[in-house]
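Commentary on secondary and tertiary structure
The chain contents come next:
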Amino acid sequence: LAKKWNAQKYTALAFMHTGDALAHQGKFDNAIESHRKGLEIFQQLKDMSGIITSFKYIGNSQYDIDKFTEAIKYYQQGVSLSLSSGFNKYLPVFYQNIGVVYAELNSDSNIYYLEKGLNTAKSLHDIHSQALASFNVSQYYVKKKQFDKATYFMDQAIQLFKTIDE
């Protein structure tokens, strides 16, 4: 039985990585299909990490083909499952991605999610996500012509990016 479950998990991972490769080739519909096949297996296995990661990849592919409502749906599912399962690795990324999608939709909700992503990254001590979140927040303030705030967050991003390189 253990080998069967292990084989199923690797099958799901293969679908996920195939989907990622297809997305990098710009074949987003095929990528989504592959990610969904992996997601189904992860759901059968009750593999929270795999389910959450699948939500992230499907959301990203939906975003890439301008299906913003669908992208938000998958990102929000990722947030909900991350919070309920305690698997928080991608939580800052989900919040950031939701913020970026809302920015595409010209919604003022974007800063709420961008800042939530930044604060979550800080609380998880995730320097990479914190750097990217600071960068995204700075871009929001540039668009709002609030240059002092934009500079503040960009300076934070630069310092964090330098820390990552060290």
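Since we're looking at a predicted model, the values are computed, not measured.

**Notes on the overall build of the protein chain**
Per the secondary structure count, the protein chain includes 8 helices and 0 strands. Over its C-alpha trace the protein chain gives a radius of gyration of 17 Å, about what one expects of a compact globule, namely 15 Å for 166 residues. Taken along its principal axes, the extent of the C-alpha atoms in the protein chain is 60 × 30 × 30 Å. The buried share of the protein chain, reckoned over its 166 residues, is 43%. The contacts of the protein chain with a sequence gap of at least 6 include a subset with a gap of at least 24, amounting to 49%. Only carbon and sulfur atoms are counted for the fraction: they give 53% of the accessible area of the protein chain, which is about 9,300 Å².

**Notes on the nonpolar core**
In this structure, Ile-51, Phe-55, Tyr-75, Val-79, Phe-94, Ile-98 and Val-101 are the most contacted members of the largest nonpolar core, which totals 27 residues. Of all the secondary structure elements, the ones that give two or more residues to this core are helix 1 (2–24), helix 2 (28–45), helix 3 (48–64), helix 4 (68–85) and helix 5 (91–104). Per element, the largest residue contribution to this core is 7 residues, and it comes from helix 4. Setting aside anything within four residues of it in sequence, one finds Phe-94 in contact with Ile-52, Phe-55, Lys-56, Tyr-74, Tyr-75, Gly-78, Val-79 and Ser-82. Formed by 9 residues, the second largest nonpolar core is a distinct cluster that contains Leu-114, Ala-133, Val-137 and Tyr-140.

**Some details on the side chain of Asp-47**
Summarising the element assignment, Asp-47 is placed in the loop between helix 2 and helix 3. Residue class for Asp-47 comes out buried when judged on its relative accessible area of 12%. One polar contact links the side chain of Asp-47 to the main-chain amide nitrogen of Ser-49, over a distance of 3.2 Å. Apart from the residues lying within four places of it in its own chain, the contact partners of Asp-47 are Lys-9 and Phe-42.

**Focus on helix 4**
In an α-helix, one turn spans 3.6 residues; hence positions three or four apart end up facing the same way. Here helix 4 contains 18 residues, and its C-alpha end-to-end distance of 25 Å stays within 8% of the 26 Å for a straight helix at 1.5 Å per residue. When helix 4 is considered as a whole, its buried residues turn out to be Phe-68, Ala-71, Ile-72, Tyr-74, Tyr-75, Gly-78, Val-79, Leu-81 and Ser-82. In the segment just after helix 4, Gly-86 is the residue with positive phi, at about 85°.

**With respect to the environment of Met-48**
Its location among the elements puts Met-48 in helix 3. Separated by 37 residues in the primary sequence, Met-48 and Ser-85 have C-alpha atoms spaced 7.1 Å apart. Excluding residues within four positions of it along the chain, Met-48 makes contact with Leu-81 and Ser-85.

**Notes on the pattern of salt bridges**
Pairs can form between side chains of opposite charge whenever their charged atoms are close. The tally for this structure, following the rule as stated, stands at 4 salt bridges. The salt bridge partner of Lys-73 is Glu-70, with a shortest N-O separation of 3.4 Å. Taken together, the residues Lys-73 and Glu-70, both in helix 4 and 3 residues apart, mark about one turn of the helix. Judged by its relative accessible area of 37%, Lys-73 is partly exposed. In this structure, the salt-bridge partner of Lys-144 is Asp-108, at a minimum N-O distance of 3.3 Å. Residue Lys-144 is found in the loop between helix 7 (127–143) and helix 8 (147–165), and its partner Asp-108 is found in the loop between helix 5 and helix 6 (109–123); the two are separated by 36 residues along the sequence.

**Digging into the side chain of Thr-53**
Looking at the secondary structure, you find Thr-53 in helix 3. Residues within four places of Thr-53 in sequence aside, it is in contact with Met-16 and Tyr-90.

Reading guide: rules and limits
Residues numbered from 1 in each chain as written. Predicted model: local features only at pLDDT ≥ 70, side-chain atom pairs only at ≥ 80, totals over all residues. Heavy atoms only, no water. Helix = DSSP H or I, 4+ residues; strand = E, 2+ residues; numbered from the N terminus. Rg over C-alpha atoms; globule rule 2.2 N^0.38 Å. Buried < 20%, exposed > 50% of the residue type's maximum accessible area, 1.4 Å probe, protein only. Contact = heavy atoms within 4.5 Å. Areas by Shrake-Rupley, 256 points an atom, 1.4 Å probe, with all protein chains shown as cover. Core = buried A, V, L, I, M, F, W, Y, C linked by side-chain atoms within 4.5 Å. Polar contact = N/O pair within 3.5 Å; in protein donor to acceptor, adjacent residues only side chain to side chain. Expected span 1.5 Å × (residues − 1). Salt bridge = Lys/Arg side-chain N within 4 Å of Asp/Glu carboxyl O.

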